[in-house]
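Examination of the molecular architecture
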Amino acid sequence: MSHAAVQKKKIEEAPAEEVDLTAANAIIDKYLTLPGNLMPVLQGIQDEYGFVPPPTVALVAERLNVYPSQIYGVLTFYSQFHLKPRGRYIIRVCVGTACHVQGAERIVETFFGKLGIGHAETSEDLRFTFEKVACLGACGMAPLAMVNDDTFGKMTVQKVDEIIAEYNQRPMK
Amino acid sequence: MVNLTIDDKQVTVAKDATIYDAAKSAGIKIPILCHDKKLHPFGGCRMCLVEVEQMKGRLIPSCTTPATEGMIVRTSNEEIVKARKLVLELLLLKHPVDCPVCDAAGDCDLQNLTYEYGVSKNPLSDEKFRWEIDYINPLIERDMNRCVHCGKCARICDEIVSFGAYTFINRGIDAKMGTAFDGPLECEFCGSCVSVCPVGALLSRPFKFKARWWAMQKVKSVCSYCGTGCQLTLGVKDNKVLTTIYDENQGFHNGQLCTRGRWGYQFVNSEKRLTTPLIRKGSALVEATWDEALALVSTKLGEAKSAAAALVTPRLTNEELFLFKKLFTEGVGSENLDHSAGYAHAALTDAALKGLGEAASPSVIADIQKCDLLLVVKSDAYETHPVIGFEINLGVKRQGVNLRIVSDKSGKLSRLPGAQTLLHTPGSELVLFNTLANIIVTEKLVDASAPLLDGYAALVTALSSCTVEKGAAVTGLTPEALVALAKEYAASEKALILMPLGLGYPGHGSALAQSLLNLAMLTGRIGKEGSGVLFMGEKNNSQGAADLGIVPGKNGKDAAGIIDGCIAGTIKALYLVGENPVVSYPDRKKVEAALSKVDFLVVQDLFLTESAAKAHVVLPACSFAEKDGTFTSLGRNVQKITKAIKPVGSSKSDYEIFNKIHAAVTGKPLYASCQALFTEISESVSGYAGLTWAKLGSNGVVRPVTLSPKLVPVVAPAPTAEAGKFALLTGSALNHCGTLSQYGEGPMMVCPEGYVEFGRADVKRLSLVEGDKVTVSSTAGSVTLKAKLGNRLSEGVVFAPYHFNDNSINSIATGAPVTWVSVAKAK
Ligand code: SF4
Ligand code: SF4
Ligand code: SF4
Ligand code: FES
Ligand code: FES
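Residues numbered from 1 in each chain as written. Chains lettered and ligands numbered in written order. Predicted model: local features only at pLDDT ≥ 70, side-chain atom pairs only at ≥ 80, totals over all residues. Heavy atoms only, no water.

**A few points about the overall build of chain B**
On a plain count of helices and strands, chain B comes out with 25 helices and 33 strands. Computed over C-alpha atoms, the radius of gyration of chain B comes to 28 Å, within 12% of the 28 Å expected from 2.2 N^0.38 for 827 residues, which places it in the range of a compact globule. Taking all 827 residues of chain B together, 61% fall into the buried category. Partitioning the intrachain contacts of chain B with sequence separation of at least 6 by distance along the chain shows that 74% fall at a separation of at least 24. Accessible surface computed for chain B: about 30200 Å², of which carbon and sulfur atoms make up 53%. (Helix = DSSP H or I, 4+ residues; strand = E, 2+ residues; numbered from the N terminus. Rg over C-alpha atoms; globule rule 2.2 N^0.38 Å. Buried < 20%, exposed > 50% of the residue type's maximum accessible area, 1.4 Å probe, protein only. Contact = heavy atoms within 4.5 Å. Areas by Shrake-Rupley, 256 points an atom, 1.4 Å probe, with all protein chains shown as cover.)

And the structure:
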């Protein structure tokens, strides 16, 4: 394959995303002169956009004079960072030992079926992101689910419907 | 110094040495995987474990542990061997062990250590990695299944190359060496990462399945592209150069190369090579014998006498250049002799000769890492001489060198820590440096040695009109910035100036060079270590050509005069040796007219170049890989090249061809060997005195200079400007050197054609998309090139590299430092 063909392929694969960089620039401005500013800048961007959009990585790389590869290394090392948009409501279902024993897998399967998304995926309308997680530290309430900061203990298949209905009514902002 | 005992041997080493270094200095081998002498210690692989009497209870990584006084070290015992075996077993768990189809086999640390430690079965078992192999980039195969996570690729790309393509990505079991967004590799393609990868995870794609490592002959030579003079090892089999092989002990650069050096070797065995002499019969060039061709050339040159002219490439060896000069001046009787369009070497042959008494730089490459302040004229110094660029990276990052770049565009160097780039109006360099010199005079920063130099009074008078205000107005810089730079330069104890030369840089001629020398002399920087000026000759033997005086004689014509002479009919015969002026000299139309007009044109080259296509006689010459000889680097290092293969087809080395013509036109006997010519050089060329073939050894000898500094005022014409037009800057593309690299596969794979680069503001203004076709027109003509989007150029300034025949930039650039052009999107 000639290199020209290769470059063409790449551009098609990754269409340029339109991202408003104003907020990212403001965050960078804030930390620009501080030592060790990469982490706070990335955290700021993640908080602002809900994830770290790839064009902001290029921006941070240029303005902080860090290699894009290094930023990507940081972003993929820490689980707190996300490179794809996240849902407004993050549903976490524990699959730790206690929850597993109490039938967590059925809860997980039910969410999968009802939401039409799998682990670490986000619904198209950006309302829900679903994640399986390890022990959430409340084994007494197993099986356990969380939506953002709200906890739901002693989960059942019926409760899954209720939770989805409830959060479908909540606002997106 | 510290004293320690390693395997019962007394060892004394420097204070900062590690146990590994200490053992190495005593000839004791400790196995390593992740350690590299050029890189900061990493301590990741645990292959180098040793036992230290004072730290018993655990094994110690010798590559990161400092040697301390009285240490008692054991580099091998049962426990150590067991530990090393475990390291290997763990690595082999995941490794595919596909040695039979791996190009690294034979040169693979993992394979060799597995063999050495006899790891024949693995008590552990695990799934293998299943990473997709990166075949997308054309030069480097990245098979992360073979990776041993030594981190060397990421470290060299960061520490030395300063590109930073790689990093460890992901966590835990998914961790791997990757790129940003885990995408395909898109980088400078210097190949440093491939060089240091201890296994077959990073491989050269052009070399894939070409030969087993052990089946190749390894021949030491010198790169034939730029003036840096990097040493090379050629991998040779069946009379073909198949690859370049990394040798970390070669040269000042520890075996590091750039794209051209590493992947540009294919021109040697290119199918496009000329294999027989050709003689024009009507409109066709037809095959001829050497006897016919040489007889014709000797006769025609002999007839033309002082109406003959020659343009010779500084890619030839010193011996060849020396012999050619004899042949031409003494044999043919002509003084019309030049190279590289004249201006591309005038910094040496004119400015340095007048200002220093030697056509050479006062400084050497080693000064880059010894200076306190490095002043680089044009960010392009990285593109023209990439391995010098590595030296700059190391100087700034490891030695704390202060980097100041005075340039018409920013560049990679601008991003180095602490670097400051002064972006000036295109074409205002000369005004800028004269202004700096005047600031040094008016602020009384002149060194005590300067007023004693010849020409001081005249210089001071001449500079008095170069006021800061005027300088600021012309250069577009603030008066404060100019004053600050002058003061900083004067205040630094050791200050070195770098200036790249080349056919792409018509502004980098004698006057600019002289202004730099003046600046260095005013501040007493000539002849001091870590200080002075380093002119970076474009070609592998540009310095040699300057040393051997491949310039017009007193009454001779220079390159421009020769072209004019051909058109005017005063030059009757033109001998082009390795030069391709149709593509590389200013004003293509004029050059083509000259070559069409001249009565007799003989071209000696490896390829049927655009210039050769116009010849009456074409003589097929050999590449550097087919001959012995010497090149002199920009740092004045005289180094040997060694014949690695037999001449391709019935081509002959330039030495052999000249030898025959020389004998024919002078009636003198043939030279017995090029060594004999080297002896003559050492007897007649100042600076080469006392050098012998044997003394050059494998590292070469830096030839000395005898300097007699003299200040020479230079007048700075105001730069031109044309309203509503773009300033076109020409120059070098990172992956190319001259027009030769068009025949090297690697450079063409990553940079296959000319382009015109725009800065952000113009991209927006013209709504350009990468790859858009744009027509660039000057008063001389117009060319259509692809647009390249960058962030280095100011509004209204564009850049285009010269190297390429198709849509060659000399169709619109005619030799002015800045060409004013209009730009329009092509329909
Ligand atoms: S080829 Fe050079 S620039 Fe590219 S990744 Fe390797 S070391 Fe870095
Ligand atoms: S690719 Fe090669 S150099 Fe890079 S970490 Fe893996 S084994 Fe080491
Ligand atoms: S082209 Fe120049 S910098 Fe590159 S390897 Fe050859 S001599 Fe070295
Ligand atoms: S296992 Fe689910 S909360 Fe502990
Ligand atoms: S060589 Fe010492 S830890 Fe890798």
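Here the narrative resumes, following the displayed structure.
**Focus on the overall build of chain A**
Helix and strand counts for chain A stand at eight helices and five strands. Taken from N to C terminus, the helices and strands of chain A fall in the order α-α-α-α-α-β-α-α-β-β-β-β-α. For 173 residues, the compact-globule formula gives about 16 Å, and the C-alpha radius of gyration of chain A, at 20 Å, lies well above that figure. In terms of overall dimensions, chain A has C-alpha extents of about 50 × 45 × 30 Å along its principal axes. Within chain A, the proportion of its 173 residues that are buried is 40%. In chain A, the proportion of contacts linking residues at least 24 apart, taken out of those at least 6 apart, comes to 61%.

**Observations regarding helix 13 (residues 456-463) of chain B**
Residues and elements named next belong to chain B. Three or more residues of helix 13 are buried, namely Tyr456, Leu459 and Leu463. With its buried residues spanning 65° around the axis, helix 13 presents them on a single face. With respect to the buried face of helix 13, the exposed residues turned more than 90 degrees away are Ala457 and Thr461. Looking at the buried positions of helix 13, the neighbouring elements they touch are helix 12 (429-442) and helix 16 (510-522). (Arc of directions from axis to C-beta.)

**Quick look at the packing of aromatic side chains**
Each aromatic ring pair is described using two quantities: the centre-to-centre distance and the angle formed by the ring planes. By the definition in use, this model includes 17 aromatic pairs over all chains. Seen from their ring centres, Phe112(A) and Phe130(A) are 5.2 Å apart, and the 75° between their planes marks the pair as edge-to-face. Placement of Phe112(A) in helix 7 (residues 104-115) and of Phe130(A) in strand 3 (residues 128-133) is noted, with a sequence separation of 18 residues between them. With centroids separated by 5.7 Å and ring planes inclined at 75°, the aromatic side chains of Phe678(B) and Trp693(B) adopt a geometry described as edge-to-face. Pair noted here: Phe678(B) is in helix 22 (residues 674-684) and Trp693(B) is in helix 23 (residues 693-696), with a separation of 15 residues, a long-range link. Across the pair, Trp693(B) and Phe678(B) agree in class, each one buried. Taking NZ or CZ as reference, Lys94(B) lies 5.3 Å from the ring centre of Phe129(B), over its face. The cationic tip of Lys208(B) hangs over the ring face of Phe209(B); the distance from NZ or CZ to the ring centre is 4.8 Å. (Phe/Tyr/Trp six-rings, centres within 6.5 Å; stacked < 30°, edge-to-face > 60°. Lys NZ or Arg CZ within 6 Å of the ring centre and 35° of its normal.)

**Brief notes about helix 8 (residues 318-332) of chain B**
Residue and element names in this part refer to chain B. The terminal C-alpha atoms of helix 8 lie 20 Å apart, and with 15 residues this matches the ideal 21 Å at 1.5 Å per residue to within 8%. Within helix 8, twelve of the 15 residues are buried, leaving the element largely enclosed by the surrounding structure. Looking at helix 8, one finds that the buried residues are Asn318, Glu319, Glu320, Leu321, Phe322, Leu323, Phe324, Lys326, Leu327, Phe328, Gly331 and Val332. Trailing helix 8 by a residue or two, Gly333 shows a phi angle of about 85°, which is positive. (Expected span 1.5 Å × (residues − 1).)

**Some details on the pattern of salt bridges**
Two side chains bearing opposite charge may form a pair once their charged atoms approach each other closely. Applying the stated rule across the entire model yields 51 salt bridges over all chains. Two residues, Arg86(A) and Glu131(A), come together in a salt bridge whose shortest N-O distance is 2.5 Å. In this pair, Arg86(A) is assigned in the loop between helix 5 (68-77) and strand 1 (89-94) and Glu131(A) in strand 3, connecting sequence segments 45 residues apart. For the pair shown, Arg86(A) and Glu131(A) are each scored as buried. Ionic contacts of the salt-bridge type, sharing partners, join the residues Asp98(B), Glu141(B), Asp143(B), Arg146(B) and Lys208(B) into one network. (Salt bridge = Lys/Arg side-chain N within 4 Å of Asp/Glu carboxyl O.)

**Looking at the interface of chain B and chain A**
In this complex, chain B contributes 25 residues to the contact, which on the side of chain A involves 21 residues. Each partner contributes to the roughly 1900 Å² buried at the junction of chain B and chain A, and carbon and sulfur atoms together form 54% of this total. Looking only at chain B, the three residues that lose the most surface to chain A are Arg171(B), Phe181(B) and Arg415(B), adding up to 35% of its buried area. Viewed at the interface, chain A and chain B are joined by one salt bridge. A salt bridge links Arg760(B) to Glu62(A); the nearest nitrogen and oxygen atoms lie 2.8 Å apart. Along the contact surface separating chain B from chain A lie eight residue pairs in polar contact (both at pLDDT 80 or more). Of all the elements in the fold, those that place two or more residues in the side of chain B that touches chain A are helix 4 (152-159) and strand 7 (166-169) of chain B. For the side of chain B that touches chain A, the leading source of residues is strand 7 of chain B, giving four residues. Looking at side-chain class alone, the side of chain B that touches chain A contains twelve nonpolar, six polar and seven charged residues. (Buried area = accessible area lost by both parts, 1.4 Å probe. Polar contact = N/O pair within 3.5 Å; in protein donor to acceptor, adjacent residues only side chain to side chain. Nonpolar A, V, L, I, M, F, W, Y, C, P; charged D, E, K, R; others polar.)

**Concerning the site of ligand 1**
Taken together, 14 residues form the shell around ligand 1, and within it Cys157(B), Cys187(B), Cys190(B), Gly191(B) and Cys193(B) come nearest. When the residues that make up the shell around ligand 1 are grouped by side-chain class, the tally is eleven nonpolar, two polar and one charged. (Near = heavy atom within 4 Å.)

**Focus on the domain arrangement of chain B**
Split by domain assignment, chain B resolves into domain 1 (2-76), domain 2 (100-116 + 124-267), domain 3 (290-340 + 544-606 + 627-702), domain 4 (345-538) and domain 5 (726-825). Computed over C-alpha atoms, the centres of domain 1 of chain B and domain 5 of chain B are 52 Å apart. (Domains from an automatic or database assignment.)

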